[in-house]
Amino acid sequence: MLISQIMEGWDGSDWVNFMKSTSNYDENKNLTTLKVELWVETGWITFSLINSTYDSNHNVLTVISQSGMLGPLTNTAKIIYTYNAKNNLLTTTEQEWESDSWVNSVYTVNTYDSRSNLLTRTMQVWESGEWKNGSKNTYTYDTAYNQTNWLIQTWNNGDWENVEQWIFTFDTRDNMTSETYQTWTAGAWLNSLRYLYTFNSTDELLAEVQQNWEGDAWVNQTKDSWTYEAGGKIISTDHHYWM
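Parameters at a glance
Residues numbered from 1 in each chain as written. Predicted model: local features only at pLDDT ≥ 70, side-chain atom pairs only at ≥ 80, totals over all residues. Heavy atoms only, no water. Helix = DSSP H or I, 4+ residues; strand = E, 2+ residues; numbered from the N terminus. Rg over C-alpha atoms; globule rule 2.2 N^0.38 Å. Buried < 20%, exposed > 50% of the residue type's maximum accessible area, 1.4 Å probe, protein only. Contact = heavy atoms within 4.5 Å. Pairing = 2+ DSSP bridges. Core = buried A, V, L, I, M, F, W, Y, C linked by side-chain atoms within 4.5 Å. Salt bridge = Lys/Arg side-chain N within 4 Å of Asp/Glu carboxyl O.

(A) Structural detail: the overall build of the protein chain. Along the protein chain, the regular secondary structure elements total 0 helices and 17 strands. Its C-alpha atoms give the protein chain a radius of gyration of 25 Å, more than 25% over the compact-globule value 18 Å for 243 residues. The C-alpha extent of the protein chain, read off along each of the three principal axes, is 65 × 55 × 40 Å. Counting the 243 residues in the protein chain, one finds 27% classified as buried. Considering only contacts within the protein chain whose residues lie at least 6 apart along the sequence, 14% involve residues at least 24 apart.

The following block contains the structure:
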């Protein structure tokens, strides 16, 4: 399947060609190529080209980007993807085109629990011919599989060092009731920002309050409120600032 789109610009007296994008899809409707062309004087000149490949489960395996910059196409970037048996993304390898060959740049590894919830995402960078740890995200869930924590760490002196985290709470109906952002400061977690949410008996969002941590207490900043009619349609909204 081929889809083409042309963008035109107004030159003051007429519409003239400016840019064209052409997308090709395989029999499974996966995007295989995306070509962008620019109109130069009297014809189209290829500006960039992206080629993608897929496995039998329609997971993208490779994406190769090329750039013409109004000249011959040359490789610029490549991403390689791998998956586990449940089609969860396991790794991505990002590479750059240097001196006529692909050179590693960034490597990302994901881990999952038995229900395919993402547990960790570790990013490494290519330095001196080997992968070196860069950053790590860790995700925690409650017994209802709601995400309750998002921890961000960086690699420092041979160990993972805390940087920041989000803490999430939920009610018995799995509605998120709060989001709290904290930073790691002087060896301890320091509150920074919080959002509080309230819901009615039919799980419709009634209010959202933003608070900042000032001194040793949460201080209100803004509040958004909504009211609903019986069918769930919003009939009024209100936005409030605390001075």
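Moving on, there is more to tell.
(B) Quick look at unusual backbone geometry. For N87, which is not a glycine, the phi torsion comes out positive at approximately 65°. As for its placement among the helices and strands, N87 is situated in the loop between β6 (74-83) and β7 (89-98). You will see that S128, though not glycine, has its phi angle at about 55°, which is positive. You can see S128 is positioned in the loop between β9 (118-127) and β10 (130-141).

(C) Molecular detail of the pairing of strand β14 (residues 188-199). Where strand β13 (residues 176-185) meets β14, 8 bridges bridge the pair, whose relative direction is antiparallel. Bridge pairing in β14 links T185 to A188. The antiparallel hairpin formed by β13 and β14 contains 2 residues in its connecting segment, where A186 sits at a positive phi of about 55°. Sheet topology note: the β14/strand β15 (residues 205-214) ladder contains 7 bridges and is antiparallel. Its bridge partner lying in β15, Y197 is registered against E208. The turn joining β14 and β15, which pair antiparallel and follow one another in sequence, is formed by 5 residues; a positive phi near 65° is taken by D203.

(D) Here's a closer look at the nonpolar core. By size, the foremost hydrophobic cluster in this structure holds 6 residues: W166, F168, Y181, L193, Y195 and Y197. For this core, the secondary-structure elements that each account for two or more residues are β12 (159-170) and β14. Not counting residues within four places of it along the chain, the set of residues in contact with F168 comprises Q147, T148, N149, W150, M176, S178 and E179.

(E) A look at the pattern of salt bridges. Overall, the coordinates contain 3 salt bridges when judged by the stated rule. For K132, the salt bridge identified is with E127, shortest N-O distance 3.9 Å. Looking at K132, the relative accessible area reads 30%, which means it is partly exposed. Judged by relative accessible area, E127 falls into the partly exposed class, the value being 38%.

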